[in-house]
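Report on the structure
Residue strings, one per chain:
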Amino acid sequence: QVQLVESGGGVVQVGGSLRLSCAASGRTSSIWAMGWFRQAPGKEREFVAAIRWSSSNTYYDDSVKGRFTISRDSAKNTGYLEINALKPEDAAVYYCAAQRDYTGFYYRLNDYRYWGQGTQVTVSS
């Protein structure tokens, strides 16, 4: 089992920046990839970014490329999502998730076995 705990959410002004963290514990050696998803009120949960835990290869949804940066510190078993130039449409609950097995896909929710509880990002104008 892997436990994930997100932190770093809050209220940020339009154009501001934020760094979310996802601390992993338990059988962290089984993590193949970590992903970030977000869910706005009334909308489905959507893929934002992912990182392969061993190689640090990164993957982004086109809508966030250039503004979001995913990274990880394997020594700390922690993943990060840096969000820059925040827009009102970035407001959502952000979830981190971990894949245990290689599937070749990073954007599919069902490929992630473990999920955090989410952290709220609010964008003020």
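Above this note sits the structure.
This text gives an overview of the structure that appears in the document. (Residues numbered from 1 in each chain as written. Predicted model: local features only at pLDDT ≥ 70, side-chain atom pairs only at ≥ 80, totals over all residues. Heavy atoms only, no water.)

Some thoughts on the pairing of strand β11 (residues 119-124)
- Burial along β11 is one-sided: the residues T119, V121 and V123 are buried and none of Q120, T122 and S124 is.
- Inspection of the sheet shows strand β9 (residues 92-99) paired to β11 by 3 bridges, in the antiparallel sense. Bridge assignment links A92 to a residue of β11, and that residue is V121. (Buried < 20%, exposed > 50% of the residue type's maximum accessible area, 1.4 Å probe, protein only. Helix = DSSP H or I, 4+ residues; strand = E, 2+ residues; numbered from the N terminus. Pairing = 2+ DSSP bridges.)

So, the state of the cysteines
- Under the defined criterion, the tally for this structure stands at 1 disulfide.
- Note that C22 is cross-linked by a disulfide to C96, the S-S spacing being 2.0 Å. Disulfide C22 to C96: torsion about the S-S bond roughly 55 degrees, handedness right-handed. With a gap of 74 residues between them, C22 in strand β3 (residues 18-26) and C96 in strand β9 connect regions that are remote in the sequence. (Disulfide = S-S within 2.5 Å.)

Considerations on the nonpolar core
- Counting 27 residues, the largest nonpolar core has L4, L20, W36, V48, L81 and Y94 as the members making the most contacts within it.
- Counting residues per element, the ones that place at least two in this core are β1 (2-7), β3, β4 (33-39), β5 (46-52), β7 (68-73), β8 (78-83), β9 and β11.
- Among the nonpolar cores identified, the runner-up in size contains 7 residues, and A33, A50, A97 and Y112 belong to it. (Core = buried A, V, L, I, M, F, W, Y, C linked by side-chain atoms within 4.5 Å.)

Topic: the sheet that holds β3
- Pairing in this open sheet of 4 strands is antiparallel, and the strands run β1-β3-β8-β7 from one edge to the other. Each edge of the open sheet is held by one strand with a lone partner, namely β1 and β7. For this sheet, the mean inter-axis angle between neighbouring strands, taken without regard to orientation, is 20 degrees.
- The sheet contact formed by β3 and β8 spans 6 bridges and is antiparallel. Its bridge partner being in β8, C22 is matched across the sheet by G79. (Axes fitted to C-alpha atoms, helices over the stretch in contact; angles between N-to-C directions.)

Here we look at the packing of aromatic side chains
- Under the definition given, this model contains 7 aromatic pairs.
- Both rings, one in W32 and one in Y102, keep their centres 5.1 Å apart while their planes meet at 65 degrees; by these two values the pair is edge-to-face. Linking W32 in the loop between β3 and β4 with Y102 in the loop between β9 and β10 (114-115), this pair joins segments that are 70 residues apart in sequence.
- Assessed through its relative accessible area of 27%, W32 is described here as partly exposed.
- For the pair F37 and F47, a centre-to-centre distance of 5.7 Å together with 70 degrees between the ring planes defines the contact as edge-to-face. In this pair, F37 sits in strand β4 while F47 sits in strand β5, placing the two residues 10 residues apart along the sequence. With respect to burial, F37 and F47 carry one shared label: buried.
- Above the ring of Y95, the side-chain terminus of R45 is found at 3.6 Å from the ring centroid.
- Geometry around F105 places R108 over its ring, the cationic atom sitting 3.9 Å from the centre. (Phe/Tyr/Trp six-rings, centres within 6.5 Å; stacked < 30°, edge-to-face > 60°. Lys NZ or Arg CZ within 6 Å of the ring centre and 35° of its normal.)

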